[in-house]
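Structural overview for review
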Amino acid sequence: MTLSFSFGLGRLALAAAGAVAIVVTGVVPQKAAAEEDAIFLPLTVYRTGAYAPNGIPFANGSRDFLQMLMARDGGINGVPLEFPECETRYDTAMGVECYERYKDGGAKGAAVFAPLSTGITYAIMELAPDDGIPIHSMGYGRAAASYGKVFDWTFTFPTTYWAQATAFIRYIAQEEGGKEALEGKKIGLIYHNSAYGREPIPTLERLSEDLGFEFVSYAVDHPGQEQSATWLSIRRDRPDWLMMWGWGVMNQVAISEAARTGFPMDRFLGVWWSGSEPDVRPAGPDAAGYKAGNFHSIGTEFGVLQDILEYVYDGDEDAARENNWGEVLYNRGLVNYIYLTEAIRTAMEEYGNVTLGGEEMRWGMENLNITAERIAEIGAEGLFEPIQITCEDHEGRGPVIIQQWDGENWERMTDWIDPMHDVVWPMYEESALAYAEEHGLEVRDCD
Amino acid sequence: MQVLFDFLIGPFFQIFEAPIFFVEVVIGGMAAGIMYALVAIGFAVIFKASGIVNFAQGAMVLFAGLTLVGFLQMGAPLWLALIATVVVMVALAYAVERVVLGPLVNQPLIVLFMATIGLSFVIEGFGELAWGSDVHRLDVGLPRGSFFVGDIMIDRFHLVAAGSAGALVVAIVLFMQYTKFGRALRAVADDHQAALSVGIPLRMIWVITWSIAGVIALVAGVMWGTQAGIQFSLVLIAFKALPVLILGGFNSITGAIVAGLIIGVGETVFEVYWGQMMGGATENWFAYVVAMIFLFFRPQGLFGERIIERV
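In this report, the structure presented in the accompanying data block is examined. (Residues numbered from 1 in each chain as written. Chains lettered and ligands numbered in written order. Predicted model: local features only at pLDDT ≥ 70, side-chain atom pairs only at ≥ 80, totals over all residues. Heavy atoms only, no water.)

**A closer look at the overall build of chain B**
Short version of the rule: For the purposes of this entry, the term helix denotes a DSSP run of H or I that reaches at least four residues, the term strand denotes a run of E that reaches at least two, and both are numbered from the N terminus. Every accessible area reported is derived by Shrake-Rupley at a probe size of 1.4 Å, with residue values counting cover from the shown protein chains alone. Residues counted as positive are Lys and Arg, residues counted as negative are Asp and Glu, and His and the chain ends are not counted. Charge positions are represented by NZ for Lys, CZ for Arg, CG for Asp and CD for Glu.
What chain B contains, in helices and strands, is 13 helices and 2 strands. Principal axes of the C-alpha set define a box for chain B whose edges measure 65 × 60 × 35 Å. When the accessible surface of chain B is summed, it comes to about 13,500 Å², and 72% of that surface belongs to carbon and sulfur atoms. Separation between the mean location of the 13 positive side-chain charges and that of the 17 negative ones in chain B comes to 15 Å.

Right, here's the structure in full:
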């Protein structure tokens, strides 16, 4: 038996010393002075609190990609990037505070704001047009904001909860032998009882009417540590398939409960925020077979991840892995800022290689066109699919994959699955136009 | 009319039609209640000895769990990790007495309560600095899986949780009744001034009380952590213990168990049979509704001591 006390006790001592230092000096380290000509990209993160296990890998992926660009290229086309972090604890009020604090940061204000929370997105998307800051809610937020004629300052690319719900139904139909086979099936949704968790319900209700399956839903209140009643209901109803829109501890408890109650894991499908390593680790091998959606691939074999290893970690793979390199949410944070830096490059084609503000960035996002060739140049071939944004389409109609937990690792198990765009786009339009009417907004002419 | 029927009569038809499932629901509720009680007992021990509502009990559950996992990840065998964690929790109790409670002796109880709110954030933050924010899988060899008695599904883990809670209560009662420290603790609980006047060291008693609460937090941390990993949302389970305490009485350990069972069964039965009609996710608020209804009739809780103030 070998006891490696040095690491843990060292951290314990460091923590104690840090606490003493803060108490004695009353200060915490301040960030370096901002570069005057840098493009300002504030990162909303949650490295503390109940949702930190999910927030940290995402934040590390975003930070490492931007650091790699700075180390390798000195920024974008010679223009440096400044990307301070703002801690939200996944709390809407703190997220709005971050937005207010950073919206005027840097030389030209924040170029873009990625709230990393549906609640924060809902809270600031009405403020952003007045402040001239585009909002990017990648795979979260208000799905109807994909309709750019109404939501000209909000972008949802590459896909939304509504689109994913239809992709899940398409996948289930494939597994069952076709859409016709869904008739009479029972499909359940266990969801976080919040704006985020309720997002897919209208889509699933609509599909239930169209395709003839029975839809049942189970709400779980924040934080979701105790779900025995919910799982008793699921055991009583015996749905053929169960989807989950969960977050944080709700995911871990639900997956453990599914294993405990004998729900067939390969018929349990989580949203992309319910399909990362922290979600399945507590259940470990018991969670084997559990599936989740995703809009990007997983793994470390991509050129862009190898560049991060070289430029950020000096080739030290252990250090990189300690920072979640290659994990599901790490790759998602990275992909988020690949999209946004490509939008910066697009905007620079129009405005030149200068410091960009929100107005220019909005143009870049609305004219974003990431082709297969460009994805290969970035070193992200296979990591995500080509995407094109337009004035009307702020989603880009991206596809999704299904991945599966084998007890130790996530493995991609399907090719790209197209959501039912013919179903969701009329719903986006209807919802967006209702929103425009309610808020007295003008509907843009994109022709 | 149909709505009234669905709400008032329908669920009882469901129970009558599927009585085996109803038994499973009751058993599931009892299991949930035992888990709440494990946290509530820690509150009750401290309240009984000092009159303080320890808001930091949830953070102590988290810290004990994190510390245990930390030692296990260093390669320590389970028995050594458990002992080391108990030592850390005793050290924490000593530090709390020295730094927080000692300087606040003779202050109003609300001041001490506020101090425990601050303490909760300090313990949480310190735990995060020391052990990181990851979700840690905890496997101490407790049985998993279920078995059937007739058609009724029984979870092995829940049996262990019930056994642990029972053992914990017996151990606390024996400690209180048959040890010198236990008697001193009861004396302090009855009357601080009288206990001081006969030479019982109040501050030492506080250290012992908080140490016991630390050990209870460790048991609760192991049970909750085995279910869903050791993670920072464990701090929030304090909110699940509060209605249990209100119902059982803040200073009653037996009350914590009985109230835990009532709350657990009540909220589970309500969620399963009535929850869907109300949009689901009724457990959180229903527990508080039950507790408040009891408050109308017994403000001191089911087993709490009657509050008599002489003027």
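**What to know about the pattern of salt bridges**
As a reminder of what qualifies: Think of a salt bridge as a Lys or Arg side-chain nitrogen and an Asp or Glu carboxyl oxygen that are within 4 Å of each other. Only protein chains enter the accessibility calculation, which uses a 1.4 Å probe; a residue whose area is less than 20% of its type maximum is buried, one above 50% is exposed, and one in between is partly exposed.
According to the stated counting rule, one finds 29 salt bridges over all chains in the structure shown. For Arg374(A), the salt bridge goes to Glu377(A), with nearest N and O atoms at 2.9 Å. Remark: Glu377(A) and Arg374(A) occur in helix H16 (residues 372-378); sequence separation between them is 3 residues, near one turn of the helix. Judged by its relative accessible area of 22%, Arg374(A) falls in the partly exposed class. Asp139(B) is the salt-bridge partner of Arg137(B), the closest N and O atoms lying 3.7 Å from each other. The class of Arg137(B) is partly exposed, set by a relative accessible area of 31%.

**What about the environment of Ser276(A)?**
All names here are of chain A. Rule in force here: In what follows, residue pairs with any heavy atoms lying within 4.5 Å of each other are defined as contacts. As used in this structure description, the phrase polar contact means that two N or O atoms lie within 3.5 Å; if the pair is within protein, one of them must be able to donate a hydrogen and the other to accept it, and residues adjacent in sequence are counted only when both atoms belong to side chains.
Checked against the element boundaries, serine 276 lands in the loop between strand S10 (268-270) and helix H11 (277-280). On the basis of relative accessibility, which here comes to 1%, the residue serine 276 falls in the buried class. In the structure, serine 276 is positioned 223 residues away from proline 53 in sequence and 9.9 Å away in space, judged by C-alpha atoms. If sequence neighbours within four positions are ignored, serine 276 has contacts with Asn54, Val328, Leu329 and Trp410. Among the polar contacts made by the side chain of serine 276, one reaches the side chain of asparagine 54 at a distance of 3.4 Å.

**A few points about the sheet that holds strand S11 (residues 291-294) of chain A**
Neighbouring strands of a sheet are bound in pairs by backbone hydrogen bonds; such pairs are parallel or else antiparallel. Residues and elements named next belong to chain A. Quick note on the threshold: Paired strands are those between which DSSP finds at least two bridges. Here an axis means a line fitted to C-alpha atoms, over the contact stretch when the element is a helix, while the angle between two N-to-C directions is reported on a 0 to 180 degree scale.
On the basis of which strands lie adjacent, the open sheet formed by 7 strands has the order S8-S7-S9-S10-S11-S14-S15 and mixed pairing. The open sheet has two edge strands with one neighbour each: strand S8 (214-220) and strand S15 (410-412). If you compare each strand with its neighbour and ignore which way they point, the axes differ by 25° on average. Relative to S8, strand S7 (residues 186-192) runs parallel, the two being bridged by 7 bridges. Within the sheet, the bridge partner assigned to leucine 189 lies in S8 and is serine 217. Along the sheet, helix H6 (residues 161-176) contacts S7, strand S9 (241-245), S10, S11 and strand S14 (401-405); its crossing angle with S9, the most-contacted strand, is approximately 160°. On top of the sheet, helix H9 (residues 228-237) reaches S7, S8, S9 and S10; it is set at about 165° to S8, its chief contact.

**Things to note about the packing of aromatic side chains**
We apply this condition: Each Phe, Tyr or Trp ring, with Trp reduced to its six-membered ring, pairs with another whose centre is within 6.5 Å; inter-plane angles below 30 degrees give stacked pairs, above 60 give edge-to-face pairs, and intermediate values give tilted ones.
Enumeration over the complete set of coordinates arrives at 44 aromatic pairs over all chains. Relative to Phe113(A), the ring of Tyr99(A) has its centre 5.1 Å away and its plane inclined at 90°; by these criteria the two rings are edge-to-face. Taken together, the positions of Tyr99(A) in helix H3 (residues 92-102) and Phe113(A) in the loop between H3 and helix H4 (118-124) put the pair 14 residues apart, joining distant regions of the chain. For the pair shown, Tyr99(A) and Phe113(A) are each scored as buried. Where Tyr36(B) meets Trp224(B), the ring centres are 6.4 Å apart and the plane angle is 20°; that geometry is what we call stacked.

**Quick notes on the nonpolar core**
Residue and element names in this part refer to chain A. Put simply, the rule reads: Each nonpolar core is a collection of buried residues, namely Ala, Val, Leu, Ile, Met, Phe, Trp, Tyr and Cys, held together in the definition by side-chain atoms within 4.5 Å. Per the annotation, domain bounds derive from an automatic or database assignment of domains.
Grouped together as the largest cluster of nonpolar side chains are 109 residues, with contacts concentrated most on Phe65, Ile169, Trp245, Trp273, Val304 and Leu334. Per-element tally for this core: the top contributor is helix H14 (residues 328-351), with 12 residues. Among the domains, domain 1 (39-159 + 299-397 + 427-439) and domain 2 (161-294) are the pair contributing at least three residues each to this core.

**Some points on the pairing of strand S1 (residues 146-149) of chain B**
Residue and element names in this part refer to chain B. Across 4 bridges, S1 lies against strand S2 (residues 152-155) in antiparallel orientation. By the bridge assignment, serine 146 is partnered in S2 with aspartate 155. Hairpin remark: S1 followed by S2, antiparallel, with 2 residues in the connecting loop; positive phi at glycine 150, about 65°.

**Concerning the state of the cysteines**
All names here are of chain A. Stated formally: In this description, the term disulfide denotes a pair of cysteine sulfurs within 2.5 Å.
In this structure the tally under the stated criterion is 2 disulfides over all chains. Disulfide pairing is shown between cysteine 86 and cysteine 98; the S-S distance is 1.9 Å. Handedness here is read from the sign of the S-S torsion; for cysteine 86 and cysteine 98, about -85°, the answer is left-handed. Within this pair, whereas cysteine 86 is found in strand S4 (residues 85-87), its partner cysteine 98 is found in helix H3, the two being separated by 12 residues in sequence. With respect to class, cysteine 86 is no different from cysteine 98; both count as buried. In this model cysteine 391 forms its disulfide with cysteine 446; the gap between the sulfur atoms is 1.8 Å.

**Examining H9(A)**
Residue and element names in this part refer to chain A. By the criterion of burial, H9 is predominantly enclosed, with 9 of the 10 residues buried. All buried positions along H9 are accounted for by Ser228, Ala229, Thr230, Trp231, Leu232, Ser233, Ile234, Arg235 and Asp237. Phi turns positive, to about 50°, at arginine 238, one or two residues after H9.

**Things to note about unusual backbone geometry**
Residue and element names in this part refer to chain A. Residue proline 158 is reached from phenylalanine 157 by a cis peptide bond, and omega for that bond is 15°. Position of proline 158 relative to the elements: it lies in the loop between strand S6 (154-155) and H6. Here histidine 222 and proline 223 are connected by a cis peptide whose omega angle stands at -5°. With respect to the helices and strands, the residue proline 223 is situated in the loop between S8 and H9. Backbone geometry places asparagine 77, a non-glycine residue, at a positive phi of 50°. Counting through the fold element by element, asparagine 77 comes out in the loop between helix H2 (52-73) and strand S3 (81-82). Of the residues examined, asparagine 77 reaches a relative accessible area of 40% and is grouped as partly exposed.

**Thoughts on the interface of chain B and chain A**
Spelled out, the test is: Using a 1.4 Å probe, buried area is obtained as the accessible area two parts lose upon being combined, added over both of them. Throughout, the ten residues Ala, Val, Leu, Ile, Met, Phe, Trp, Tyr, Cys and Pro are labelled nonpolar, Asp, Glu, Lys and Arg are labelled charged, and all others, Gly among them, are labelled polar.
Chain B puts 51 residues into the contact, and the matching count from chain A is 51 residues. Broken down residue by residue, the surface that chain B buries against chain A is led by Met74(B), Val135(B) and Arg137(B), which jointly contribute 14%. At the surface where chain B touches chain A, the tally comes to 3 salt bridges. For Arg260(A), the salt bridge identified is with Asp155(B), shortest N-O distance 2.6 Å. Contributions of two or more residues to the side of chain B that touches chain A are made by helix H3 (19-50), helix H6 (109-131), S1, S2, helix H10 (202-228), helix H12 (253-273) and helix H13 (283-297) of chain B. Grouping the amino acids of the side of chain B that touches chain A by side-chain chemistry returns 24 nonpolar, 16 polar and 11 charged.

Fair warning: the whole summary comes from geometry, so function is off the table for now.
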